[in-house]
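Structural description and commentary
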Amino acid sequence: MAALVLAASTAAMAAVRVGISMPTQSLQRWNQDGANMKERFEAIGYEVDLQFANNNVALQVSQIENMILNGADVLVISAIDGASLGTVLEIAKDEGIPVIAYDRLIMETDAVSYYATFDNYMVGTIQGKYLVEALDLDNRTDPVNIEITAGSPDDNNARYFYQGAMDQLMPYIEAGKVVVPSGQIAFEQVATLEWSSERAQARMDNLIAANYAGGLKLHAVLCSNDSTALGVTNSLIGAGFTKEEFPLITGQDCDIANTKNIIAGYQAMSVFKDTRTLAEQVVKMVQAIVNGEEPEVNDTETYFNGVFVVPTYLCEPVFADINNYEELLIESGYYTREQLGL
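Presented here is an overview of the structure given in this document. Nothing here was measured: the structure is a model prediction, and the numbers come from that model.

1. Things to note about empty space enclosed by the protein
The rolling of a water-molecule-sized probe over the atoms marks out the regions of remaining empty space. According to the stated counting rule, one finds one cavity of 30 Å³ or more in the structure shown. Of the volumes computed, that of the largest cavity is approximately 110 Å³. As for the largest cavity, its lining consists of 13 residues, of which Arg29, Trp30, Arg104, Asp155 and Trp195 are closest to the centre. Every element with two or more residues in the lining of the largest cavity is listed here: helix 2 (28-43) and helix 6 (156-174). Tallied by class, residues from the lining of the largest cavity come to four nonpolar, three polar and six charged.

This is the structure:
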């Protein structure tokens with residue numbers, strides 16, 4: 001750290017070099033996150049080494065090793081497997097390189113300096129509350145049928161999303177107002193490795209065949225993010241569900257395909273996490289580090305990574321649905337109308 005401050009304070013030294021490690025290019029949001037940070041860092045004169053690891057842990061470790069060898073001053077990492085980076089980050093620690101965990105907490109190491117993310121428990125809370133209100137659970141007397149699709153078990157965030165939503169729904173499940181016909185409720189039963197659309201679709205195919213082939217109505221599917229929601233939607237369409245009988249489907253990230261499904265009536269909502277906001281906050285955190293200052297954080301109690309509570313900055317998510325997507329996504333400049341097929 002001291003070496004970094006000294007370098008930053010010496011005008012003759014080369015530009016600050018930031019290594020950014022993203023988990024994959026297969027999901028739209030990581031492309032956007034990486035591009036947003038790269039653009040903002042380069043705008044203030046930093047050099048950026050942006051790498052995508054294609055959901056391959058060994059590749060991510062190798063890429064981070066190369067960033068260290070190539071002189072990274074700061075590392076911004078969104079881990080594929082939050083517990084897999086301890087060894088390579090010990091190298092970064094020995095080299096005095098600060099590490100910011102980006103939107104996925106890095107686990108089981110003291111070699112992470114800060115964490116920047118959205119309020120992940122709130123994401124799930126928003127999804128759960130949306131279903132409670134949309135299904136009018138406080139007033140209706142007839143039970144509703146829902147199924148649950150959670151995120152990847154190697155992503156620490158997935159349990160926060162799941163728990164936030166289930167804390168909203170569980171009182172209604174216990175009261176008999178919400179029924180899960182498959183009986184699959186526990187996180188381990190509903191998790192989706194790698195947030196895979198294909199895995200979510202295959203599992204939903206099985207749930208439909210086992211529980212809904214006889215015409216039982218499905219009222220909602222709680223999906224933790226848009227890639228799993230897309231798989232569930234494809235399964236339902238493939239099984240012959242019409243738009244009129246389509247269940248309410250939740251999501252997260254407002255991916256283009258899912259926003260189009262919201263407009264078309266095949267997805268009820270998606271939690272909007274404006275990656276521009278998170279990227280801007282990370283740039284501020286790195287600038288503070290470079291200047292020898294303490295980055296702004298707003299949570300020093302929640303995110304225990306198995307070794308210590310990582311100082312965290314939480315951005316606040318909101319949800320988009322058919323009623324507000326234009327204001328949130330188009331008028332803000334996040335998407336153009338053409339990108340959404342409008």
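Don't stop here, the text continues.
2. Notes on the pattern of salt bridges
Counted by the stated rule, this structure contains 13 salt bridges. Where Asp103 meets Arg29, a salt bridge forms, and the shortest distance between an N and an O atom there is 2.5 Å. Of this pair, Asp103 sits in the loop between strand 4 (99-102) and strand 5 (114-118) while Arg29 sits in helix 2, and the two are 74 residues apart along the sequence. Here Asp103 and Arg29 have matching classes, each one buried.

3. A short note on the sheet that holds strand 2 (residues 47-52)
Backbone-to-backbone hydrogen bonds join strands into a sheet, with any given pair of strands oriented parallel or antiparallel. If you walk across this open sheet you meet the six strands as 2-1-3-4-5-11, and the pairing is parallel. A strand with exactly one partner marks an edge of an open sheet, and here the two such strands are strand 2 and strand 11 (312-315). Strand-to-strand twist across the sheet, computed as the mean angle between neighbouring axes with direction ignored, equals 15 degrees. Relative to strand 4, strand 3 (residues 74-77) runs parallel, the two being bridged by three bridges. Bridge pairing in strand 4 places Leu75 opposite Val99.

4. Re the layout of surface pockets
Space inside the largest pocket adds up to approximately 190 Å³. As for the largest pocket, its lining consists of 15 residues, of which Ser26, Leu27, Trp195, Ser197 and Ser227 are closest to the centre. Contributing elements (two or more residues each) for the lining of the largest pocket: helix 8 (197-211), helix 9 (226-238) and helix 10 (256-264). The dominant element in the lining of the largest pocket, judged by the number of residues it contributes, is helix 10, at three residues. Of the residues that constitute the lining of the largest pocket, the class distribution is five nonpolar, seven polar and three charged.

5. Some remarks on the packing of aromatic side chains
Summed over all chains, the structure comprises nine aromatic pairs. Centre to centre, the rings of Phe41 and Tyr46 are 5.8 Å apart; their planes meet at 15 degrees, and the pair counts as stacked. The residues Phe41 and Tyr46 share a single accessibility class, namely buried. Aromatic rings pair up to connect Tyr115, Tyr160 and Tyr303 into one cluster. Across the ring face of Trp30, the terminal group of Arg29 is positioned such that the distance to the ring centre comes to 4.0 Å.

6. Observations concerning the sheet that holds strand 9 (residues 248-249)
With parallel pairing, the four strands of this open sheet are ordered in space as 7-6-8-9. Unpaired on one side and paired on the other, strand 7 (178-179) and strand 9 mark the two borders of the sheet. Bridging between strand 6 (residues 144-149) and strand 7 involves two bridges; their strand directions are parallel. Across the sheet, the residue bridging to Val144 is Val178, located in strand 7.

7. Re unusual backbone geometry
With a phi angle near 60 degrees, Glu108 is a residue other than glycine that sits in the positive phi range. Tracing the sequence through the fold places Glu108 in the loop between strand 4 and strand 5. Even without being a glycine, Trp195 presents a positive backbone phi close to 55 degrees. Residue placement: Trp195 occurs in the loop between helix 7 (187-190) and helix 8. Overall, Trp195 belongs to the buried group, its relative accessible area being 5%.

So, how was this worked out
Residues numbered from 1 in each chain as written. Predicted model: local features only at pLDDT ≥ 70, side-chain atom pairs only at ≥ 80, totals over all residues. Heavy atoms only, no water. 1 Å grid on protein atoms, 1.4 Å probe; cavity = no way out; pocket = protein on both sides within 12 Å on 5 of 7 lines; lining within 4 Å. Points joined across faces, edges and corners; volume = space filled by probe spheres on them. Helix = DSSP H or I, 4+ residues; strand = E, 2+ residues; numbered from the N terminus. Nonpolar A, V, L, I, M, F, W, Y, C, P; charged D, E, K, R; others polar. Salt bridge = Lys/Arg side-chain N within 4 Å of Asp/Glu carboxyl O. Buried < 20%, exposed > 50% of the residue type's maximum accessible area, 1.4 Å probe, protein only. Pairing = 2+ DSSP bridges. Axes fitted to C-alpha atoms, helices over the stretch in contact; angles between N-to-C directions. Phe/Tyr/Trp six-rings, centres within 6.5 Å; stacked < 30°, edge-to-face > 60°. Lys NZ or Arg CZ within 6 Å of the ring centre and 35° of its normal.

Everything listed here is a matter of geometry and, on its own, says nothing about what the molecule does.
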